[in-house]
Amino acid sequence: MTTLTKSLDDYLRLRRNLGYQLADAARLLPRFVAWMDANEQPTVTIANTIAWVETVSAEPGSTVWPRRMTAVRGFARYLSGIDSATEVPPIGLFPSRRRWRTPFIYSADDITALMGHAQHDLDSRLPAATYSTLIGLLAVTGLRIGEAIRLDRADVDLAAGVLLVRQSKFMKTRKVPVLSSTVAALRTYAAQRDTHLPAPSTASFFMTVTGKRLLYPVVQTVFHSLCSEAGIGVGAARGPRLHDLRHTFAVTTLVNWYRSGADVHVRLPYLSTYLGHRDPRFTYWYLSAAPELLALAAERLEPRDGQVQS
């Protein structure tokens, strides 16, 4: 094991212990270190970093080079505390503008249609109930799909009406209270699931017809099929995605707050906590996610009787 390889292992372990998932770093940095070793480069410098970044081709405007540079920059900062000869690449060598994808906002009728098609188009033994309940839960809680399919039976407290989301993004754990109507739907599903699978082999709350935990790629495929069958997103500039159910929950909540005259900026941290955002500033993004939100916000800020509304 080379010195750089050992340092990389230590770096990734440290970052993970701090709660970072490091999707790009864990994938790209081993390639960088392998390239460094192959080229007999013991120390990270700006020159060899640029050389490695440009070993792959990238179209103008692509994020390939910026993401490779960002991964190495973080590693170089860590190395600079170990090896004073390390050069940390400055920000801006490969600039990238992050473009947020405008979410597809589902209407209430869209959600009803999706759940209806799940009930009627899928296997009635269990998948119909599994997918209709799962879609409904995502729509009314804004859970990430990964959080929902990782729920175990012990995480769903139907008596208290609380979901325990364990070690989600940034390794955060949180409790998500749900409405009584949601509890009723979850209880109905649990009864149907237990009837079909009286002796399950997994602790998962949501199950496949064979008693296994749901897999994200399969859920995504089924969801896209349901959208197609329901005609949702036809003609839309941006097609519907599974994750857009989370966006829809956040936007709908904000719209309802604006309409009711609530102080949105006071309430926003609560929504941020509920959604499991690391920082409220990430929740503020939803204020620009839908034109209706902007219009409502502008209306709230229009002067009335010489005063600016808060």
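To keep things clear, this report deals only with the structure shown in the data block. All residue numbers refer to positions counted from 1 along the written sequence of the respective chain. Given that the model is predicted, a residue must reach a pLDDT of at least 70 before its local features are reported, and side-chain atom pairs must reach 80 or more before they are shown or counted; all residues, however, enter totals for whole chains, interfaces and linings. Heavy atoms throughout the structure, all of them, feed into the side-chain values; hydrogens and water do not.

**Considerations on the sheet that holds strand β2 (residues 162–165)**
And step 1. Strand pairing is defined by DSSP finding a minimum of two bridges between the two strands. Secondary structure elements follow DSSP: runs of H or I of four or more residues count as helices, runs of E of two or more count as strands, with numbering from the N terminus. The strand order across the open sheet built from 3 strands is β1-β2-β3, with neighbouring strands paired in antiparallel fashion. Edge strands, defined here as strands with exactly one partner in the open sheet, are β1 (156–157) and β3 (174–177).
And step 2. Judged from the 2 bridges that link them, β1 and β2 form a sheet pairing that is antiparallel. Bridging across to β2, D157 finds its partner in V162.

**A closer look at the pairing of β2**
Regular strands place their side chains on alternate faces of the sheet.
And step 1. Classification of residues uses two cut-offs on accessible area relative to the type maximum, computed with a 1.4 Å probe and protein chains only: under 20% is buried, over 50% is exposed, and between them is partly exposed. Only one face of β2 is buried: it carries L163 and V165, and the other face, with V162 and L164, is open.
And step 2. Linking β1 to β2, which pair antiparallel, is a turn of 4 residues; within it G161 sits at a positive phi near 70°.
And step 3. Judged from the 4 bridges that link them, β2 and β3 form a sheet pairing that is antiparallel. By the bridge assignment, L163 is partnered in β3 with V176.

**Focus on the packing of helix α6 (residues 127–141) against helix α8 (residues 180–196)**
And step 1. An axis is simply a line fitted to the C-alpha atoms; with a helix, the fit covers only the stretch in contact. Between two such axes, the angle follows the N-to-C directions and lies from 0 to 180 degrees. At a closest axis distance of 10 Å, the pairing of α6 and α8 adopts a crossing angle of 160°. As the angle between them shows, α6 and α8 are arranged roughly antiparallel. In this structure, the crossing between α6 and α8 has a hand that is left-handed. Across from A129, T130, T133, L137 and V140 in α6, the residues of α8 making contact are T182, A185, L186, Y189 and Q192.
And step 2. Residue classes in the contact of α6 with α8 are distributed as 6 nonpolar, 4 polar and no charged. The labels follow the angle: roughly parallel below 35 degrees, roughly antiparallel above 145, roughly perpendicular from 65 to 115, and oblique for the rest. Each helix crossing is assigned a hand: it is left-handed if the near helix lies turned anticlockwise from the far helix by less than a right angle, otherwise right-handed if that turn is clockwise. Working rule for contacts: check all heavy atoms of both residues, and any pair within 4.5 Å makes them a contact. Amino acids are sorted into nonpolar (Ala, Val, Leu, Ile, Met, Phe, Trp, Tyr, Cys and Pro), charged (Asp, Glu, Lys and Arg) and polar (every other residue, Gly among them).

**Topic: the nonpolar core**
And step 1. In these notes, a set of buried Ala, Val, Leu, Ile, Met, Phe, Trp, Tyr and Cys residues joined through side-chain atoms within 4.5 Å is what counts as a nonpolar core. L134, L143 and L163 are the most contacted members of the largest nonpolar core, which totals 55 residues.
And step 2. Taken together, the elements giving at least two residues each to this core come down to α5 (108–121), α6, α7 (145–149), β2, α8, α9 (216–230), α10 (244–260) and α11 (264–275).
And step 3. Here this core gets 8 residues from one element, more than from any other, and that element is α10.
And step 4. Leave out the neighbours within four places in its chain, and L163 touches L137, L143, L151, D155, V156, R174, K175, V176, V178 and L186.
And step 5. Counting 21 residues, the second largest nonpolar core, distinct from the first, contains L28, L29, F32 and M69.

By themselves, these are just geometric observations and shouldn't be taken as functional.
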